[in-house]
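Below are the chains, spelled out letter by letter.
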Amino acid sequence: VDNFNFDESNRRFNMFGYTTETMDMLLYPMAVGGKEALGSMGNDAALAVLSTQPRNVFDYFKQLFAQVTNPPIDPIREEMVMSLVCPV
């Protein structure tokens, strides 16, 4: 096995969108201490297509957590347990 090349790995991390925060908060604790990484499932960043900042290509194709797991609300079939009435 070849020796680990830190210069090449930093270039690749940047190329695939790993930030310093990702490295410090998620990967470093797992690699060094074998600890569970601290992070959240929330993402308050603007959608890649609407962002004014340069974004990683992968950001254009990933779904947010809520878009994948939350079922749509169907008031017709679920009228017994939900209502769209909004008293003013």
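Everything numeric in this text was worked out from a predicted model, so none of it was measured.

Undergrad: For the overall build of the protein chain, give the residues involved together with the corresponding values.
TA: From N to C terminus, the protein chain includes three helices and zero strands. Element order for the protein chain, N to C, with α for helix and β for strand: α-α-α. A burial count over the protein chain gives 5% of its 88 residues as buried. Total accessible area computed for the protein chain in this model is approximately 8,600 Å², and 60% of it derives from carbon and sulfur atoms.

Undergrad: Can you explain the packing of aromatic side chains? Please cite residues and give values.
TA: If you walk through the whole model with that rule in mind, you get one aromatic pair. Between Phe13 and Tyr18, the aromatic rings sit 5.7 Å apart at their centres with planes inclined by 70°, giving edge-to-face as the arrangement.

Undergrad: How would you explain the pattern of salt bridges if you had to name every residue and give the values?
TA: On inspection of all chains with the given rule, the structure shows two salt bridges. Note that Glu8 is salt-bridged to Arg12, the shortest N-O span being 3.1 Å. Taken together, the residues Glu8 and Arg12, both in helix α1 (residues 6-15) and four residues apart, mark about one turn of the helix. The class of Arg12 is partly exposed, set by a relative accessible area of 46%.

Undergrad: I'd like a description of the confidence of the model for the protein chain, backed by residues and values.
TA: Across the protein chain, pLDDT averages 76, with 78% of residues at or above 70. Per-element confidence in the protein chain ranges from a low mean pLDDT of 57 for helix α3 (residues 65-69) to a high of 83 for helix α2 (residues 20-33).

Undergrad: Provide a residue-level description of a nonpolar patch on the surface, including the pertinent values.
TA: A surface patch of nonpolar side chains, amounting to about 700 Å² of accessible area, comprises Leu47, Val49, Leu50, Val57, Tyr60 and Phe61. You can see Phe61 is positioned in the loop between α2 and α3. Accessibility expressed as a relative area gives 69% for Phe61, which makes it exposed.

Undergrad: An account of α2 is requested, with residue identities and associated values reported.
TA: Of all the bends found along α2, the most pronounced is centred on Leu27 and spans about 50°, while Pro29, a proline, follows it within four residues. Following α2 by one or two positions, Gly34 has its phi on the positive side, about 65°.

Undergrad: Let's hear about the environment of Asp24: which residues, and what values?
TA: When you line up the elements, Asp24 lands in helix α2. On the basis of relative accessibility, which here comes to 47%, the residue Asp24 falls in the partly exposed class. A C-alpha to C-alpha distance of 9.6 Å links Asp24 and Ala37, two positions 13 residues apart in sequence.

Reading the values: rules and limits
Residues numbered from 1 in each chain as written. Predicted model: local features only at pLDDT ≥ 70, side-chain atom pairs only at ≥ 80, totals over all residues. Heavy atoms only, no water. Helix = DSSP H or I, 4+ residues; strand = E, 2+ residues; numbered from the N terminus. Buried < 20%, exposed > 50% of the residue type's maximum accessible area, 1.4 Å probe, protein only. Areas by Shrake-Rupley, 256 points an atom, 1.4 Å probe, with all protein chains shown as cover. Phe/Tyr/Trp six-rings, centres within 6.5 Å; stacked < 30°, edge-to-face > 60°. Salt bridge = Lys/Arg side-chain N within 4 Å of Asp/Glu carboxyl O. pLDDT = per-residue confidence, 0-100. Patch = residues over 30% accessible without salt bridge, like charges linked within 9 Å, V, L, I, M, F, W, Y side chains within 5 Å. Bend = angle between axes of the 7 residues up to and from the residue.

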